[in-house]
Amino acid sequence: MTKTSVRIGAFEIDDAELRGDNQGDRTLTIPCKSDPDLCMQLDAWDADTSIPAILDGEHSVLYREHYDQKSDAWVMRLA
């Protein structure tokens, strides 16, 4: 697990967590306490919606994986 920063549109999160080493199993966890407005936005999108993002300065595409109620965070998968 690595702390990382991500930008999705106008939203900037500095305490997201990147997990996984291989391209197909990498996930990004976005804590809802970081930006409640972003979490509400993610809740409205479906799992098939691609989300352009800038992850540590590099362009990436994210997909909503699931909401982790225990940690109050969205888990996103990287394309």
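Please read these numbers as outputs of a predicted model, since none were measured by experiment.

Asks: How do you make sense of the overall build of the chain when you look at a structure like this?
Replies: In terms of helices and strands, the chain carries 1 helix and 6 strands. Ordering the α and β elements of the chain from the N terminus gives β-β-β-α-β-β-β. Relative to the 2.2 N^0.38 estimate, which gives 12 Å for 79 residues, the radius of gyration of the chain is 11 Å and therefore close to what a compact globule would have. Per-residue burial for the chain yields a buried fraction of 35% across its 79 residues. A separation of at least 24 residues holds for 39% of the contacts in the chain among residues at least 6 apart in sequence. Within the structure as shown, the chain displays about 4900 Å² of accessible surface, and the carbon and sulfur contribution to it stands at 46%. Across the chain, 8 positive and 16 negative side-chain charges occur, with their mean positions spaced 3 Å apart.

Asks: How should the pattern of salt bridges be read in this particular structure?
Replies: Under the counting rule described, the total for this entry stands at 5 salt bridges. Residues glutamate 65 and arginine 77 are paired through a salt bridge, measuring 3.3 Å at the closest nitrogen-oxygen approach. Of this pair, glutamate 65 sits in strand S5 (residues 58-68) while arginine 77 is found in strand S6 (residues 73-78), placing the two residues 12 residues apart along the sequence. Assessed through its relative accessible area of 41%, glutamate 65 is described here as partly exposed. A residue is classified by how much of its surface remains accessible, and arginine 77, at 33% relative accessible area, is partly exposed. Three or more residues joined by partner-sharing salt bridges are found here, namely Lys3, Glu17 and Arg19.

Asks: Could you clarify how one ought to interpret the pairing of strand S1 (residues 2-8) in this entry?
Replies: Within a regular strand, side chains alternate between the sheet's two faces. Here S1 runs beside strand S2 (residues 11-19); their pairing, made up of 6 bridges, is antiparallel. Within S2, the residue paired with isoleucine 8 across the bridge is phenylalanine 11. A loop of 2 residues connects S1 with S2, the two strands running antiparallel in sequence, and glycine 9 in this loop sits at a positive phi of about 60 degrees. Examined bridge by bridge, S1 and strand S4 (residues 51-55) share 2 bridges and lie antiparallel to one another. Bridging across to S4, valine 6 finds its partner in leucine 55.

Asks: Would you take a moment to explain the sheet that holds S4 for this structure?
Replies: In a beta sheet, neighbouring strands are held together by backbone hydrogen bonds and run either parallel or antiparallel to one another. A barrel is described by the order of its strands in space; here 6 strands give the closed sequence S1-S2-S3-S6-S5-S4, paired in antiparallel fashion. Neighbour-to-neighbour, the strand axes of this sheet turn through a mean angle of 45 degrees, independent of strand direction. Pairing geometry for S2 and strand S3 (residues 27-31), over 3 bridges, is antiparallel. Across the sheet, the residue bridging to arginine 19 is threonine 27, located in S3.

Reading the values: rules and limits
- Residues numbered from 1 in each chain as written.
- Predicted model: local features only at pLDDT ≥ 70, side-chain atom pairs only at ≥ 80, totals over all residues.
- Heavy atoms only, no water.
- Helix = DSSP H or I, 4+ residues; strand = E, 2+ residues; numbered from the N terminus.
- Rg over C-alpha atoms; globule rule 2.2 N^0.38 Å.
- Buried < 20%, exposed > 50% of the residue type's maximum accessible area, 1.4 Å probe, protein only.
- Contact = heavy atoms within 4.5 Å.
- Areas by Shrake-Rupley, 256 points an atom, 1.4 Å probe, with all protein chains shown as cover.
- Lys, Arg positive; Asp, Glu negative; His and termini not counted.
- Charge placed at Lys NZ, Arg CZ, Asp CG, Glu CD.
- Salt bridge = Lys/Arg side-chain N within 4 Å of Asp/Glu carboxyl O.
- Pairing = 2+ DSSP bridges.
- Axes fitted to C-alpha atoms, helices over the stretch in contact; angles between N-to-C directions.

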